[in-house]
Amino acid sequence: TSEGIDGAISRTVTAVAGRADLSITAFDETGLSEDSVAAVAALPGVDVAAPSIQRRTYLAPSLTAEPGADAPVAVLGVDPVLDPKVRDLEVVRGSGLVRADEPSAMISETLAAATGLDVGSPLDLYGAADAPPAAGHFRVVGILRGDGPVVGASGRVVVIPIARAQALFSMSGVSQIDLVLQ
């Protein structure tokens, strides 16, 4: 029984944290500055410092025609180069993110089933009131297995490039830095 419990805990931690040995999370909405990210990445013993942004928002009404599809979504903004060194996002259709500034998105299978979205579909997200006009416009490039990488989001997950998340939420910093140590 003890081994089974230990294994379940280990799988849960791996699903949430990936290969991160440590996560640094911001206490307030402004987040951690780019200088903070650079300082942490330069520390001795740090192999990877992957910044990310996590916020909740809503899909634009045109995409939420089905009953219950208007629930919030968890948006995870990641660095397409660094994040794969920390967590494995299993793409079941389409492809992963390529550039930090491209208007592309990956969504969970759960969200795809609830909204009818698929690879190639347009995806519009609500953002900050002062966000640039096109900041919330994306194209779905990949479908992630199951509920996606955000725990507690009921499978309603959208993963976008970090620069696009910063524009969408009018942020200059990041919510979290996941560290892989040497």
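Here, every reference points to the structure presented above.
Residue numbering note: each chain is counted from 1, following its sequence as written. It should be noted that, the model being predicted, local features are given only for residues of pLDDT at least 70 and side-chain atom pairs only at 80 or more, the latter also being counted only at that level, while totals for whole chains, interfaces and linings use all residues. Based on all heavy atoms of the structure, the side-chain values leave hydrogens and waters out of the count.

### Concerning the overall build of the protein
Line of reasoning, step 1. Secondary structure counts use DSSP, requiring at least four H or I residues in a row for a helix and at least two E residues in a row for a strand, with both numbered from the N terminus. For the protein, the helix and strand inventory stands at four helices and nine strands.
Line of reasoning, step 2. From first element to last, N terminus to C terminus, the protein shows the α and β order α-β-α-β-β-β-β-α-β-β-β-α-β.
Line of reasoning, step 3. Surface exposure of the protein reaches about 9200 Å², of which carbon and sulfur atoms provide 57%. All accessible-area figures derive from a Shrake-Rupley calculation using a 1.4 Å probe, and residue coverage is judged against the displayed protein chains alone.

### So, the pattern of salt bridges
Line of reasoning, step 1. Here, a salt bridge means any Lys or Arg side-chain nitrogen found within 4 Å of an Asp or Glu carboxyl oxygen. Applying the stated criterion to the full structure yields six salt bridges.
Line of reasoning, step 2. Between Asp118 and Arg93 there is a salt bridge, and its shortest N-O distance comes to 3.1 Å. Here Asp118, found in the loop between helix 3 (109-115) and strand 6 (122-124), pairs with Arg93, found in strand 4 (residues 91-94); they are 25 residues apart in sequence, far enough to count as distant.
Line of reasoning, step 3. Here the term buried applies to any residue with accessible area under 20% of the maximum for its type, exposed to any over 50%, and partly exposed to those in between, with areas from a 1.4 Å probe on protein chains only. For Asp118, a relative accessible area of 32% puts it in the partly exposed group.
Line of reasoning, step 4. A relative accessible area of 37% places Arg93 in the partly exposed class.
Line of reasoning, step 5. Look at the salt bridges and you will find they share partners, linking Asp83, Arg87 and Asp178 into a network.

### Focus on the side chain of Glu102
Line of reasoning, step 1. Along the chain, Glu102 turns up in the loop between strand 4 and strand 5 (104-108).
Line of reasoning, step 2. Of the side chains with opposite charge, Arg99 lies nearest to the buried Glu102, which makes no salt bridge, at 4.4 Å.
Line of reasoning, step 3. Here Val98 takes part through its backbone nitrogen, which lies 2.6 Å from a polar atom of the side chain of Glu102. Residues counted as positive are Lys and Arg, residues counted as negative are Asp and Glu, and His and the chain ends are not counted. Polar contact criterion, stated in full: a pair of N or O atoms within 3.5 Å, where within protein one must be able to donate a hydrogen and the other to accept it, and residues adjacent in sequence count only if both atoms are side-chain atoms.

### A word on the environment of Gly152
Line of reasoning, step 1. One can find Gly152 in the loop between strand 7 (137-144) and strand 8 (157-161).
Line of reasoning, step 2. With 78 residues separating them in the primary sequence, Gly152 and Ala74 have C-alpha atoms 8.9 Å apart.

### Quick word on the packing of aromatic side chains
Line of reasoning, step 1. Each Phe, Tyr or Trp ring (for Trp, its six-membered ring) is paired with any other whose centre lies within 6.5 Å, and the angle between the two planes then decides the class: stacked below 30 degrees, edge-to-face above 60, tilted in between. Here the structure, examined in full by the defined rule, presents zero aromatic pairs.
Line of reasoning, step 2. Here the basic side chain of Arg164 rests over the ring of Phe138, its NZ or CZ set 5.1 Å away from the ring centre. Here, a charge over a ring is recorded when the distance from Lys NZ or Arg CZ to the ring centre is within 6 Å and its angle to the ring normal is within 35 degrees.

### Brief notes about the environment of Gln182
Line of reasoning, step 1. Residue position: Gln182 is located in the segment after strand 9 (176-181).
Line of reasoning, step 2. A relative accessible area of 73% means that Gln182 is categorised as exposed.
Line of reasoning, step 3. Expressed as a C-alpha distance, the spacing of Gln182 and Asp21, which sit 161 residues apart in the sequence, is 9.7 Å.
Line of reasoning, step 4. The contact criterion used throughout is that any non-hydrogen atoms of two residues lie within 4.5 Å. If we ignore the near neighbours within four places in the chain, the residues touching Gln182 are Gly45, Val46 and Asp47.

### Observations regarding the pairing of strand 3 (residues 73-78)
Line of reasoning, step 1. Taken across its six residues, strand 3 has six buried, putting it largely inside the fold.
Line of reasoning, step 2. Side chains of strand 3 alternate between two faces, with Val73, Val75 and Gly77 and Ala74, Leu76 and Val78 buried alike.
Line of reasoning, step 3. With six bridges joining them, strand 2 (residues 46-57) and strand 3 adopt antiparallel strand pairing. Paired with Thr57 across the two strands is Val73, which belongs to strand 3.
Line of reasoning, step 4. Any two strands are treated as partners once DSSP identifies two or more bridges connecting them. Sheet analysis places strand 3 next to strand 8, joined by five bridges and oriented parallel. Of the residues in strand 8, the one forming a bridge with Val78 is Pro161.

### Some thoughts on the environment of Leu125
Line of reasoning, step 1. Note on placement: Leu125 falls in the loop between strand 6 and strand 7.
Line of reasoning, step 2. Along the chain, Leu125 and Val158 lie 33 residues apart, while their C-alpha atoms are 9.5 Å from each other.
Line of reasoning, step 3. Once residues lying within four places of it in the same chain are set aside, the contact partners of Leu125 are Thr57, Tyr58, Leu59, Val73, Val75, Gly136, Phe138, Val158 and Leu168.

Take it as geometry only, folks, not as evidence of what the structure does.
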